Amino acid sequence: MIQKISSILLLLLVSINGFAQINQSILMLGGQEIIGVPLDQSPEEIVLETTKKNGKVKILLIDISRVFSVTQNGQEEVWYNPDSSETGYSIKEMRYYIKGQQDGRNEHKTTLPVITSFLVSGALAALTGSQELAVVVLSPIPGTLIGSLTKGNMPSNEKANGGEPMSQAAYIAGYKQSARMKKIFHSILGSVAGTVAGGIIGLSIASSNS
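How each quantity is defined
Residues numbered from 1 in each chain as written. Predicted model: local features only at pLDDT ≥ 70, side-chain atom pairs only at ≥ 80, totals over all residues. Heavy atoms only, no water. Phe/Tyr/Trp six-rings, centres within 6.5 Å; stacked < 30°, edge-to-face > 60°. Helix = DSSP H or I, 4+ residues; strand = E, 2+ residues; numbered from the N terminus. Buried < 20%, exposed > 50% of the residue type's maximum accessible area, 1.4 Å probe, protein only. Pairing = 2+ DSSP bridges. Axes fitted to C-alpha atoms, helices over the stretch in contact; angles between N-to-C directions. Expected span 1.5 Å × (residues − 1).

What am I meant to see in the packing of aromatic side chains here?
Describing an aromatic ring pair means giving the distance of the ring centres and the angle of the ring planes. Counting across every chain of the model gives three aromatic pairs. With 6.3 Å between their ring centres and 40 degrees between their planes, Tyr 171 and Tyr 175 make a pair best called tilted. With Tyr 171 and Tyr 175 both in helix α5 (residues 169-209) and four residues apart, the pair spans about one turn of that helix. Judged on exposure class, the residue Tyr 171 and its partner Tyr 175 are both buried.

Which parts of the structure should I look at to understand the sheet that holds strand β4 (residues 57-63)?
Hydrogen bonds between backbone groups are what pair the strands of a sheet, and the pairing can be parallel or antiparallel. Strand order in the open sheet formed by six strands is β4-β3-β2-β1-β5-β6, with antiparallel pairing between adjacent strands. Taken across any chain shown, the strands that pair with only one partner, and hence form the sheet edges, are β4 and β6 (75-78). On average, adjacent strands in this sheet sit at an angle of 40 degrees to one another, irrespective of strand direction. In this sheet, strand β3 (residues 45-51) lies alongside strand β2 (residues 33-41) in antiparallel orientation, the contact comprising four bridges.

What exactly am I supposed to notice about helix α2 (residues 91-107) here?
A turn of α-helix holds 3.6 residues, and therefore any two residues three or four places apart point the same way. With 17 residues, α2 extends 24 Å between its outermost C-alpha atoms, agreeing within 8% with the 24 Å of an ideal straight helix rising 1.5 Å per residue. Looking at α2, one finds that the buried residues are Met 94, Tyr 96, Tyr 97, Ile 98, Gly 100, Gln 101, Asp 103 and Gly 104.

Got a minute to help me understand the pairing of strand β1 (residues 24-28) in this structure?
Walk down a regular strand and you will see the side chains alternate between the two sheet faces. Most of β1 sits out of view: five of its five residues are buried. Residues Gln 24, Ile 26 and Met 28 line one face of β1 and the alternating positions Ser 25 and Leu 27 line the opposite face, and both faces are buried. Here β1 runs beside β2; their pairing, made up of four bridges, is antiparallel. Within the sheet, the bridge partner assigned to Leu 27 lies in β2 and is Glu 33. Hairpin geometry of β1 and β2 is characterised by an intervening segment of four residues between the two adjacent antiparallel strands and by a positive phi of about 95 degrees at Gly 31. For β1 and strand β5 (residues 67-72), the ladder comprises four bridges, and the chain directions are antiparallel. Note on β5: the bridge partner recorded for Leu 27 is Ser 69.

Geometric descriptors of this kind do not, in isolation, establish any biological role.
In structure tokens form, the structure reads like this:
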């Protein structure tokens, strides 16, 4: 009887440990949160098994130098080492930087860059396409450059209330970095869409003139 109870307790312990592993959460310095099961670890990287929303399993290699903290069973362990970081941020400041990265990615508006890149690349594609010039394929480049140079990498005025986290330089730096990358990515999307639309218009004009 005692042996049977011991076996049951052992199985429960293994199950609990497995459940804890599945719920391990890794917070990256860029603000991304990755949840999965660690399969292996070296001084340089973690091998993590994650499951996508569609149920497919994916293996990730995570650079340990890019990890801020690991949370398991509700307990966070900070891996970020201010002494070895090139940023010069303390642990508290890095938390603000990460929060800025997350807010910039989730909240920053890119309507102007998208419209600008779409119009610039669309106009160029329509012009070159109407003349049947091969350079029409290069139309996304100017649109992306101009769209990414539009002003506005700061948090909205609604958040600029003088309190935290807006009063923290690390938060502003993280937000600006994330907003800039988001703006570039969306400018690329806008310029590609503009090139397709403009190219169709330009080629239609060329065919009607021939």
